[in-house]
Amino acid sequence: MYAARAIRYEVRGRAILDGVDLRLTPGKIVAVVGPNGAGKSTLLKIMAGERRATGGNVLLDDRDLTEWKPADLARRRAVLPQSIEVVFPFLVSEVVALGSSQRVPRSEAAALVSRALSAVDLADFGRRVYGTLSGGEQQRVQFARVLVQAWSGEGAYLLLDEPNASLDLSHQLLILRLARTHAESGGGVLMVLHDLNLAAMVADELIALKDGCRIAAGPPEHVITDQLIAALYGVHASVRGVPDGPFILPQTARLPA
Ligand code: ADP
Ligand code: MG
């Protein structure tokens, strides 16, 4: 169990998150959606233990997150931040190997690195200099690093902040499939996504954040409604459905006059 309860986060007296609950369970994907500045990344950082909430708490395996040692936490959850700067001329394989734990023998770690690079469709990129890769390729390298960390841990949770923001369609689908595979193998997944259609497609549960508040939560078919889209983005849209769940055609969406 991995749960945030009544999370509040204040900066200079302003509430960036206000009473947000979130629960991750093994085998399930939870997607957080909401407009720019809603507090999605802040919530993910608080779940990750990278930022400390001003109010509320995060429990992992029934222990408060603040009581966890960093090395133990690294085995239980792997984090993909929204943006990552790599300033040194690291090789791709070195960046991915950062996900590997000290406890994993070297030869095994190298095998995990190449398995993860293959998984993100970068099998031949290990010897390339990270900084020379395209944005989408760099993003997949970071995803591979997170996979290695999760595979080195024990039933680890994945916390992914816009994992497919700069990816083409096939690689977006690939990342979602890897997230699903991770869930099916018993891990829990939290992902921040902007694309409501992909979020509705992949998530078992959606959480809609606006101005730091959770304004809706539940299965995609309950959360993705015309009313919710209007409340979240101020956009008028007609939500349609296919047997697999709801979808929105941008062609049906209108900004207010
Ligand atoms: P999202 O990921 O939903 O786009 P963020 O969680 O990154 O939003 O940020 C939520 C809001 O909090 C934004 O308005 C952002 O400017 C603000 N914010 C986040 N961290 C800080 C900080 N350390 N100091 C001041 N404002 C912050
Ligand atoms: Mg963000």
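All values derive from a computational prediction rather than experimental measurement. (Residues numbered from 1 in each chain as written. Chains lettered and ligands numbered in written order. Predicted model: local features only at pLDDT ≥ 70, side-chain atom pairs only at ≥ 80, totals over all residues. Heavy atoms only, no water.)

Novice: So what's going on with the sheet that holds strand β9 (residues 205-210)? Residues and values would help.
Specialist: Reading across the sheet, the 6 strands line up as β6-β7-β8-β3-β9-β10 and stay open at both edges, with mixed pairing between neighbours. On the outer flanks of this sheet lie β6 (77-80) and β10 (213-218), each paired with one strand and no other. The mean angle between the axes of side-by-side strands here comes to 15°, regardless of whether they run parallel or antiparallel. Sheet topology note: the β9/β10 ladder contains 5 bridges and is antiparallel. Bridged to K210 within β10 is C213. Against the sheet, helix α5 (residues 135-152) contacts β6 and β7 (157-161), and its axis sits at roughly 175° relative to β6. Packing against the sheet, helix α9 (residues 226-233) makes contact with β3 (29-33), β9 and β10, and its axis sits at approximately 35° to β9. (Pairing = 2+ DSSP bridges. Helix = DSSP H or I, 4+ residues; strand = E, 2+ residues; numbered from the N terminus. Axes fitted to C-alpha atoms, helices over the stretch in contact; angles between N-to-C directions. Contact = heavy atoms within 4.5 Å.)

Novice: Which residues make up the coordination of the magnesium ion (ligand 2), and what are the values?
Specialist: The protein atoms donating to the magnesium ion (ligand 2) are S41 (OG) and Q82 (OE1), with metal-donor distances spanning 2.0 to 2.3 Å. Of the two residues, S41 is situated in helix α1 (residues 40-48) and Q82 in the loop between β6 and α3 (92-97); the sequence distance between them amounts to 41 residues. (Donors = N, O, S within 2.8 Å, 3.2 Å for Na, K, Ca; no water.)

Novice: Would you mind going over the nonpolar core in detail, with residue names and values included?
Specialist: Core analysis: the largest hydrophobic core is formed by 56 residues, its most contacted members being V96, V141, F143, L160, V189, M191 and L206. For this core, the element with the most residues is α5, which contributes 7 residues. The next biggest cluster of nonpolar side chains, apart from the first, holds 29 residues, and it includes Y9, W68, L73 and L190. (Core = buried A, V, L, I, M, F, W, Y, C linked by side-chain atoms within 4.5 Å. Buried < 20%, exposed > 50% of the residue type's maximum accessible area, 1.4 Å probe, protein only.)

Novice: With reference to specific residues and values, describe the site of ligand 1.
Specialist: Residues in close proximity to ligand 1 include V11, R14, I16, P35, N36, G37, A38, G39, K40, S41, T42 and R51, which together make up its full environment. A distance of 3.1 Å separates an oxygen atom of ligand 1 from a polar backbone atom of A38. Here G39 contributes a backbone N or O atom positioned 2.9 Å from an oxygen atom of ligand 1. In the complex, the protein chains occlude 67% of the 570 Å² of accessible area that ligand 1 would expose alone. If you list the elements that add at least two residues to the shell around ligand 1, you get β2 (14-24) and α1. Among the elements that make up the shell around ligand 1, the one with the highest residue count is α1 (3 residues). Class assignment of the residues belonging to the shell around ligand 1 gives a composition of 4 nonpolar, 5 polar and 3 charged. (Near = heavy atom within 4 Å. Polar contact = N/O pair within 3.5 Å; in protein donor to acceptor, adjacent residues only side chain to side chain. Areas by Shrake-Rupley, 256 points an atom, 1.4 Å probe, with all protein chains shown as cover. Nonpolar A, V, L, I, M, F, W, Y, C, P; charged D, E, K, R; others polar.)

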